[in-house]
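# Observations on the three-dimensional arrangement
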Amino acid sequence: MKIERIETFLVPPRWLFCRIETSDGVVGWGEPVVEGRAEVVRTAIETLSEYLIGQDPLQIERHWQVLSKGGFYRGGPVLSSAVAGLDHALWDIAGKVYGAPVAALLGGRVRDRARVYAWVGGDEPGEIAAQVGEQVAAGMTAVKMNASGRIQPSPSLAEIKSIVSRLAAARSVLGDSLDVAIDLHGRVGVAGARRILHAVEDLHPLFVEEPVLPEQLHQLPEVVGRSTVPVALGERLYNRSDFVPALNAGVAVVQPDVSHAGGISELRRIAVLAETHGASFAPHCPLGPISLAASLQVSFATPNFLIQEQSRGIHYNLESDLTSYVVDPAPFTWVNGYAEWNPLPGLGITVDEEAVRAADRKGHAWRNPIWTHEDGSFAEW
């Protein structure tokens, strides 16, 4: 059996899918994308395909090593995301060939269901309370939201109080038994992050995500060491080496993205690295169905798993949602806030190829917003 054909599909709202077909007719699917740079990753897939065509698809680790390290210049989000999507598809093929879920090939599942959280996006405390209430009514046990909108790197007292009010609104609905996490998106400086963590401490968030930018990891100990609030990060880290300084700084939760950090193969290694540091694993995944299916395979096989992000109903997915490109939405039906174990082979989903090809004919050119402060200077989105 050889790899015979590799295709990519640019599908709304902001995703890129890839399809690998073998000489025996086995098909695997992956989701390689950098949001806002999907076309660039598509070109990277074309370049990497030169090596893969004609190869044995079951030699997954051999291919991962060559795709990741075969070029003299390595790493970065574009290459790592291209490798990730190809890696998803190869694992999908392997599962279908062996008749087993990918998690079984990773050593077997260590849990029967995986906790997931929902996004809420209300800008005002009243909206947040209503949206959190809807999620609780739907059976969810955890939510996450942005801590703020545009904010100064050195936030004012009013901005910090606004973050506290938003979090308090969510907590008022959730009570003491359910969880809420907030995401700072690296929008504030180190001093601002310390102040915010101190301000929200009594509201006990599940974690505070990305309090500092990834390029400021050398300052992370100043943030982590001054608060009891669990700090999480990792969506903009692309391999296990990137996580070493964060783990050494004492982050409580790592959040690699299976579509950015080298795929299933590298995500598994990052999870093990985190476990050796006593950190939990909460994969980042606000993307499409293939990415989530791949992420869940790792989550089910990971002992230090905490919770899984998922994009059903997220604000990005106005045109197409998580189930728009799969034949059966059942794998993405949450039961009391959990994803149930899926025994289907490979990634456990059947991609609606006709819908994907139709969507690709339309394509997309999604770009993230560019924000500025009141004085016209650049603001972190």
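Residues numbered from 1 in each chain as written. Predicted model: local features only at pLDDT ≥ 70, side-chain atom pairs only at ≥ 80, totals over all residues. Heavy atoms only, no water.

Before going further, it helps to spend a moment on the nonpolar core. If you look at the biggest cluster of nonpolar residues, it comprises 111 residues, and the most contacted ones within it are Phe-17, Leu-86, Leu-220, Val-251 and Ile-264. By residue number, the principal contributor to this core is helix 3 (residues 77–98), which donates nine residues. Counting only domains with at least three residues in this core, you end up with domain 1 (3–100) and domain 2 (104–346). Setting aside residues up to four positions removed in sequence, Val-251 forms contacts with Leu-220, Val-224, Val-231, Leu-233, Ala-246 and Ala-279. Among the nonpolar cores identified, the runner-up in size contains eleven residues, and Ala-142, Ala-181, Phe-207 and Val-253 belong to it. (Core = buried A, V, L, I, M, F, W, Y, C linked by side-chain atoms within 4.5 Å. Buried < 20%, exposed > 50% of the residue type's maximum accessible area, 1.4 Å probe, protein only. Helix = DSSP H or I, 4+ residues; strand = E, 2+ residues; numbered from the N terminus. Domains from an automatic or database assignment. Contact = heavy atoms within 4.5 Å.)

Moving on to the UniProt feature "domain: Mandelate racemase/muconate lactonizing enzyme C-terminal" (unreviewed entry) in the chain. According to UniProt, the positions carrying the feature "domain: Mandelate racemase/muconate lactonizing enzyme C-terminal" (unreviewed entry) are residues 125–230. The distance from the first to the last C-alpha atom of residues 125–230 is 23 Å, and the span holds 44% helix and 11% strand. (UniProt positions renumbered as here; feature names shortened; annotations may be inferred.)

Helix length check: helix 6 (residues 157–174) (18 residues) gives 26 Å between terminal C-alpha atoms against 26 Å at 1.5 Å per residue, within 8%. In this fold, the buried residues of helix 6 make contact with helix 5 (125–137), strand 5 (142–146), strand 6 (179–183) and helix 7 (190–200). Note on helix 6: the residue one or two positions beyond its end, Gly-175, has a positive phi of about 70°. (Expected span 1.5 Å × (residues − 1).)

Of all five residues making up strand 6, five are buried, and the element is well covered by its neighbours. Side-chain alternation along strand 6 places Asp-179, Ala-181 and Asp-183 on one buried face and Val-180 and Ile-182 on a second face that is also buried. In this view, the connection linking strand 5 to its parallel neighbour strand 6 by way of helix 6 has right-handed handedness. As defined by bridge partners, strand 6 adjoins strand 7 (residues 208–209) across two bridges and the pair is classed as parallel. Counted as the bridge partner of Asp-183 is Glu-209 from strand 7. Taken together, strand 6, helix 7 and strand 7 constitute a β-α-β crossover, and its handedness is right-handed. (Right-handed = clockwise from strand over helix to strand, strands pointing away. Pairing = 2+ DSSP bridges.)

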